[in-house]
Amino acid sequence: MSPTAQPVFRALADPTRRNILMMLAEEDLTIAEVADNFDMTRAAVKKHLTMLSDGGLITVTPRGREKVNSLTPEAFKPVRDWLSFFDRFWDDRLDALKTAVEKEETKND
């Protein structure tokens, strides 16, 4: 795994941050709007948003006195790449199992 992927996985490690990402997939939100959905302080929510920003998963854009948080979908590429390895792994394993079962069925006929 690429060292640049570490901040992405670190940001995704927390369920609150994953919930925030789901919310931001629906719409861009300010810190206050995100905080309204959680039973925690605005400062705690800001820390979660900072982790997501550090991981590149969101962008923060100033809008007057507020900061608007937006999902950055392309930042999930390291996760997709890492998971695709396991897709190939299981595809290969399942193909080998299928071949073994078919071979056994042919032998028993």
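Worth saying up front: this structure is predicted, and the values here are computed from it rather than measured.

Undergrad: Could you give an account of the sheet that holds strand E2 (residues 58–63), with specific residues and numbers?
TA: Judged by pairing direction, the sheet is antiparallel, and its three strands sit side by side in the order E1-E3-E2 without closing on themselves. Where the open sheet ends on each side, the last strands, each with one partner, are strand E1 (29–30) and E2. Direction of pairing for E2 relative to strand E3 (residues 66–71): antiparallel, over a ladder of six bridges. Bridging from a neighbouring strand, Thr59 pairs with Ser70 of E3. Of the strands in this sheet, E1, E2 and E3 are in contact with helix H2 (residues 15–26), which crosses E3 at around 90°.

Undergrad: Could you give an account of the packing of H2 against helix H4 (residues 42–54), with specific residues and numbers?
TA: H4 packs onto H2 with a crossing angle of 75° between their chain directions and a minimal axis gap of 10 Å. In terms of orientation, H2 lies roughly perpendicular with respect to H4. Residues Thr16, Arg17, Ile20 and Leu21 of H2 pack against His48, Leu49, Met51 and Leu52 of H4. For the contact of H2 with H4, the class distribution of residues is five nonpolar, two polar and one charged.

Undergrad: Can you explain H4? Please cite residues and give values.
TA: In this model H4 runs 18 Å from its N-terminal to its C-terminal C-alpha over 13 residues, within 8% of the 18 Å that 1.5 Å per residue would give. All buried positions along H4 are accounted for by Val45, His48, Leu49 and Leu52. All buried residues of H4 fall inside an arc of 100° around its axis, so they share one side. Of the residues in H4, the exposed ones pointing more than 90 degrees away from the buried face are Ala43, Lys47 and Asp54. Contacts made by the buried residues of H4 are with helix H1 (6–12), H2, helix H3 (31–35), E2 and E3. Trailing H4 by a residue or two, Gly56 shows a phi angle of about 80°, which is positive.

Reading guide: rules and limits
Residues numbered from 1 in each chain as written. Predicted model: local features only at pLDDT ≥ 70, side-chain atom pairs only at ≥ 80, totals over all residues. Heavy atoms only, no water. Pairing = 2+ DSSP bridges. Helix = DSSP H or I, 4+ residues; strand = E, 2+ residues; numbered from the N terminus. Contact = heavy atoms within 4.5 Å. Axes fitted to C-alpha atoms, helices over the stretch in contact; angles between N-to-C directions. Parallel < 35°, antiparallel > 145°, perpendicular 65-115°, else oblique. Nonpolar A, V, L, I, M, F, W, Y, C, P; charged D, E, K, R; others polar. Expected span 1.5 Å × (residues − 1). Buried < 20%, exposed > 50% of the residue type's maximum accessible area, 1.4 Å probe, protein only. Arc of directions from axis to C-beta.

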